[in-house]
Amino acid sequence: MIIDKNTVYKVADLARIEIKDNEVDHLTKEMNKILTFMEKLNELDTEGVVPLVYMNNQANVWREDVAKNEITTVDGLKNSAVHNENFFLVPKIIEK
């Protein structure tokens, strides 16, 4: 696949980036280099190579997610500047 100027503009549009007209020639060359490198990688024999998802074989050990009531509502609201009996009170940010 060969990258041309129209493709560079299309990719820039899809990526929502602005490119200047004087950058298009340089980007065309760079993108063609990348594709040439990828085509070179596709020539490698990867038969018998296990796909790599993570850099090591170790699995994460997750703790069981158990809901606990660690503190009471009164303790949770104790250090808040403004609150009522159950909730933090904060200034209104969104207007209707």
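Residues numbered from 1 in each chain as written. Predicted model: local features only at pLDDT ≥ 70, side-chain atom pairs only at ≥ 80, totals over all residues. Heavy atoms only, no water.

I tried to follow the overall build of the protein on my own but got confused; where do I start?
When helices and strands are counted, the protein shows 3 helices and 0 strands. By the compact-globule yardstick of 12 Å for 96 residues, the protein is too spread out, its C-alpha radius of gyration being 28 Å. Each principal axis of the C-alpha atoms in the protein carries an extent, and together these give about 65 × 45 × 20 Å. Looking at the protein residue by residue over its 96 residues, the buried ones come to 9%. Pairs at least 24 apart in sequence give 25% of the contacts found in the protein among residues at least 6 apart. As displayed, the protein offers around 10000 Å² of accessible surface, 57% of which is attributable to carbon and sulfur atoms. Taking the average place of the 12 positive charges on the side chains of the protein and the average place of its 17 negative ones, the gap between the two points comes to 5 Å. (Helix = DSSP H or I, 4+ residues; strand = E, 2+ residues; numbered from the N terminus. Rg over C-alpha atoms; globule rule 2.2 N^0.38 Å. Buried < 20%, exposed > 50% of the residue type's maximum accessible area, 1.4 Å probe, protein only. Contact = heavy atoms within 4.5 Å. Areas by Shrake-Rupley, 256 points an atom, 1.4 Å probe, with all protein chains shown as cover. Lys, Arg positive; Asp, Glu negative; His and termini not counted. Charge placed at Lys NZ, Arg CZ, Asp CG, Glu CD.)

Explanation requested: the nonpolar core in the structure shown.
Nonpolar side chains tend to gather and get buried jointly when the protein is soluble and globular. Core analysis: the largest hydrophobic core is formed by 5 residues, namely I3, V8, A12, I19 and V24. Setting aside anything within four residues of it in sequence, one finds I3 in contact with V8, T28, M31, N32 and L35. (Core = buried A, V, L, I, M, F, W, Y, C linked by side-chain atoms within 4.5 Å.)

Would you take a moment to explain the pattern of salt bridges for this structure?
Two side chains of opposite charge can pair, provided their charged atoms sit close to one another. Overall, the coordinates contain 4 salt bridges when judged by the stated rule. Close ionic contact of K5 with D25 constitutes a salt bridge, the shortest N to O distance being 3.4 Å. Here K5, found in helix α1 (residues 5-14), pairs with D25, found in helix α2 (residues 24-42); they are 20 residues apart in sequence, far enough to count as distant. What makes K5 partly exposed here is its relative accessible area of 45%. Between E70 and K68 there is a salt bridge, and its shortest N-O distance comes to 3.9 Å. (Salt bridge = Lys/Arg side-chain N within 4 Å of Asp/Glu carboxyl O.)

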